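Per-entry structural report
Spelled out, the chains give:
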Amino acid sequence: MDNPSMIQRSLQHVWHPCTQMKLHESLPLIPISRAEGVWLHDFEGRRYLDGISSWWVNLFGHGHPHIKAALVAQLDQLDHVMLAGFTHQPVVELSEKLAQLTGLGHAFYGSDGASATEIALKMSAHYWRNTGRPEKCRFVGLAGGYHGETVGALAVTDIALFREAYAPLVRLAATVPSPDARVAQPGESSVDVAKRAASALEAWLQQHHASTAALIVEPLVQCAAGMAMHDASYLRQVRALCDRHEVHLVVDEIATGFGRTGTMFAHQQAGIRPDFICLSKGLTGGTLPLSAVLTTDTVYQAFYDDDVARGFLHSHSYTGNPLACRAALATLELFEQNEVLAHNVTLAHTISQAFAPLSTHARIKNARQLGMIWAWDVATTLPHFSRRYHQHALAHGVLLRPIGNTIYAMPPYVMNEDTAGHLARGALAALEATLAEENAHG
Ligand SMILES: *Cc1c(COP(=O)(O)O)cnc(C)c1O
């Protein structure tokens, strides 16, 4: 199928995500024919370096032979079986593995990040109901938090653009100030900001703990808020406050999990143990949709009863799909085989060096990096900066999609010096090209 006709057919028949479709009257859709490693290939012989791991999911590059082989073998064995009343090898092995990695267990599976959020929230509230405190059924999240966009997940997603139109549908959770280190006052450190945010949470919990089931946080990096990073001490304070006020701590590691922040899971940098962990995105190495929620024995035991209604009667048709679980196992095998976390320390250094001219650019504020995440705030009032930058980046052969005025990179872990150079040169050239449009817009 040639390119123009595929664009036309897509616009006619496909409703694309996170998109005002009318924009595609001026911004071309890009049909992708194939992908390999860090590269996305179009039909015109152009290629784009996937600098954001296709929305943060693709950890080891596209078409990784190890994941591919595991999927093919699994397809020969068992494609799918419902998980109620049945079980299978991939789901058992994956659940064991995730328990070993997180220190939590009783893996419950969904298909997307948003469904993991909803599972964790439902489990938390149901736990309190089962333990005789049904009034603990409200939630609290952080300013700028993002936990998905289904109606339940939107309740704890504090991004006005995603939520406003659905306000009447959403049972809004409370929000407390974010520990985003960028809000530091002169003389304040990120630790001070963390303390201040924790004090605000403390004040809030003192008032509302009796009606609060859980606090949900994105540990270390609020990615959708524009890679807002905070000090790990915040998570330790949060853990202590949740303990003191008998409120569950849900860590949403959907974006930060699987090595993205340098450790396997971000909350591990704070040395804390949450009550629930939500996982998705990188879980299958970017091949198939899968999400999981892990929790404590205490929570699990509160559901274990002769009474059916005290059980967690939640399901999705594809819960624990064998192919997705097998892809996840193969992804986790790669972490071990290739000592990925150690390798990424060196790789991150290489990538940071390549990005140095961008990080020190006169128009950049708050250049920051954690693990395999880089972000830069651009000082500009140019309307639609993000959209313009994205277009210029594509013209330079890189996929980067700023959030507001924040450029960020979350590249796959199979980058090298060459591809880092290509990504960094493209990112810088796209910045110059975008800023050059400022004159035209006064
Ligand atoms: C992407 C994301 C989600 C939602 O995941 P989907 O698969 O898009 O539903 C939830 N939480 C965080 C932190 C995310 O980054």
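This text follows the structure it describes.
Everything numeric in this text was worked out from a predicted model, so none of it was measured.

When helices and strands are counted, the chain shows 14 helices and 16 strands. Dimensions of the chain along its principal axes, counting C-alpha atoms only, are 65 × 60 × 45 Å. Sorting the 442 residues of the chain into buried and exposed places 52% on the buried side. Approximately 19,700 Å² of the chain is accessible, and the part contributed by carbon and sulfur atoms is 54%. Across the chain, the mean location of the 32 positive side-chain charges is 5 Å away from that of the 40 negative side-chain charges.

Take the packing of helix 3 (residues 65–77) against helix 11 (residues 322–337) next. Put simply, helix 3 and helix 11 touch, their axes get as near as 9 Å, and they point 145° apart. Our pair here, helix 3 against helix 11, has a crossing hand that is right-handed. Across the interface between the two elements, His-66, Ile-67, Ala-70, Leu-71, Gln-74 and Leu-75 from helix 3 touch Pro-322, Leu-323, Arg-326, Ala-327, Ala-330, Thr-331, Glu-333, Leu-334 and Gln-337 from helix 11. The residue makeup of the contact of helix 3 with helix 11, split by class, is nine nonpolar, four polar and two charged.

All right, on to the sheet that holds strand 2 (residues 39–42) then. On the basis of which strands lie adjacent, the open sheet formed by four strands has the order 1-2-3-15 and mixed pairing. Strands at the two margins of the open sheet, each flanked by one partner only, are strand 1 (32–36) and strand 15 (398–399). Where strand 2 and strand 3 (residues 47–50) come together, three bridges link them in antiparallel fashion. Counted as the bridge partner of His-41 is Arg-47 from strand 3.

Taken together, the three strands give an open sheet; going across it, the order is 13-14-16, and neighbouring strands pair in antiparallel fashion. Of all the strands in the sheet, the pair left with one neighbour each is strand 13 (364–370) and strand 16 (406–409). Neighbour-to-neighbour, the strand axes of the sheet open up by a mean angle of 15°, direction not taken into account. Inspection of the sheet shows strand 13 paired to strand 14 (residues 373–378) by five bridges, in the antiparallel sense.

Over its 13 residues, helix 3 runs 19 Å from end to end, which matches the ideal 18 Å to within 8%, given 1.5 Å per residue. Along helix 3, the residues that are buried comprise Ile-67, Ala-70, Leu-71 and Gln-74. Seen along its axis, helix 3 keeps its buried residues to an arc of 100°; they face one direction. Of the exposed residues in helix 3, the ones pointing more than 90 degrees away from its buried face are Pro-65, Lys-68, Val-72 and Asp-76.

With that settled, the discussion passes to helix 13 (residues 385–395). Along helix 13, the residues classified as buried are Phe-385, Arg-388, Tyr-389, His-390, Ala-393 and Leu-394. Where the residues of helix 13 are buried, they touch strand 3, strand 14, strand 15, strand 16 and helix 14 (417–440). Immediately downstream of helix 13, the backbone of Gly-397 shows phi near 75°, a positive value.

About the cut-offs
- Residues numbered from 1 in each chain as written.
- Predicted model: local features only at pLDDT ≥ 70, side-chain atom pairs only at ≥ 80, totals over all residues.
- Heavy atoms only, no water.
- Helix = DSSP H or I, 4+ residues; strand = E, 2+ residues; numbered from the N terminus.
- Buried < 20%, exposed > 50% of the residue type's maximum accessible area, 1.4 Å probe, protein only.
- Areas by Shrake-Rupley, 256 points an atom, 1.4 Å probe, with all protein chains shown as cover.
- Lys, Arg positive; Asp, Glu negative; His and termini not counted.
- Charge placed at Lys NZ, Arg CZ, Asp CG, Glu CD.
- Axes fitted to C-alpha atoms, helices over the stretch in contact; angles between N-to-C directions.
- Left-handed = near helix turned anticlockwise from the far one by under 90°.
- Contact = heavy atoms within 4.5 Å.
- Nonpolar A, V, L, I, M, F, W, Y, C, P; charged D, E, K, R; others polar.
- Pairing = 2+ DSSP bridges.
- Expected span 1.5 Å × (residues − 1).
- Arc of directions from axis to C-beta.

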